[in-house]
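Listed below, chain by chain, are the residues.
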Amino acid sequence: MKGKQNRAASAAAPKVAIYCRVSTVAQEEEGTSLDTQEARCRQYALAKGYQIDEQHVYRETYSGAERWAHPPFQHPSDALRQKAVQGIIA
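Residues numbered from 1 in each chain as written. Predicted model: local features only at pLDDT ≥ 70, side-chain atom pairs only at ≥ 80, totals over all residues. Heavy atoms only, no water.

In this section: the overall build of the protein chain. Helix and strand counts for the protein chain stand at 5 helices and 3 strands. In the protein chain, the succession of α and β elements from N to C terminus is α-β-α-α-β-α-α-β. Here the protein chain, with 90 residues, has 29% of them falling under the buried criterion. The long-range share in the protein chain, meaning contacts at least 24 apart out of those at least 6 apart in sequence, stands at 65%. (Helix = DSSP H or I, 4+ residues; strand = E, 2+ residues; numbered from the N terminus. Buried < 20%, exposed > 50% of the residue type's maximum accessible area, 1.4 Å probe, protein only. Contact = heavy atoms within 4.5 Å.)

Written as structure tokens, this is what we have:
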């Protein structure tokens, strides 16, 4: 019975995407690396009871100027608009 309850609880948990980005080498070196950001996003999701959709974990390394012209920046927003996820943690 407990296994069924856990599956039901996880099915009801909001699905979220994770979006991590660095724009400089200094960010990688100062503790805001992609790995650090993703780990913190995962901890936050766990604490809030969110379900991370692994197909919607985005990691980018672009400067602010480049990202506006870079199509993958739109992927988390597209996933939200298409209702594949109910939120984005960044």
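Still to come is the rest of the account.
For the rest of this paragraph, the subject is the nonpolar core. Here is a general trend for soluble globular proteins: nonpolar side chains tend to be buried in one another's company. If you look at the biggest cluster of nonpolar residues, it comprises 9 residues: V16, I18, C20, V22, L34, C41, A45, I52 and I89. Contributing elements (two or more residues each) for this core: strand 1 (15-22) and helix 3 (34-48). For C20, the contacting residues outside a window of four places in its chain are L34, Q37, E38, Y58, R59 and E60. Core analysis: the next-biggest nonpolar cluster, separate from the first, contains 5 residues, Y19, Y58, A79 and V85 among them. (Core = buried A, V, L, I, M, F, W, Y, C linked by side-chain atoms within 4.5 Å.)

With that settled, the discussion passes to helix 3. With 15 residues, helix 3 extends 21 Å between its outermost C-alpha atoms, agreeing within 8% with the 21 Å of an ideal straight helix rising 1.5 Å per residue. If you check which residues of helix 3 are buried, you get L34, Q37, E38, C41 and A45. When helix 3 is viewed along its axis, its buried side chains cluster within an angular range of 95° and face the same direction. Along helix 3, the residues that are exposed and aim more than 90 degrees away from the buried face are D35, R40, Q43, L46 and A47. G49 lies just past helix 3 and shows a positive phi near 80°. (Expected span 1.5 Å × (residues − 1). Arc of directions from axis to C-beta.)

Following the sequence through the fold, K15 ends up in strand 1. Residue classification places K15 among the partly exposed positions, given a relative accessible area of 35%. Sequence-distant contacts of K15, defined by excluding residues within four places in its chain, comprise Q51, D53, A84, V85, Q86 and G87.

Glancing now at the sheet that holds strand 2 (residues 51-61). With parallel pairing, 3 strands are arranged side by side in an open sheet as 2-1-3. With partners counted over all chains shown, the strands left at the sheet margins are strand 2 and strand 3 (87-89), one partner each. Strand-to-strand, the axes of this sheet are offset by a mean angle of 25°, without reference to chain direction. Looking at chain direction, strand 1 and strand 2 are connected through 7 bridges and run parallel. Residue pairing for strand 2: V16 is matched across the bridge by I52. (Pairing = 2+ DSSP bridges. Axes fitted to C-alpha atoms, helices over the stretch in contact; angles between N-to-C directions.)

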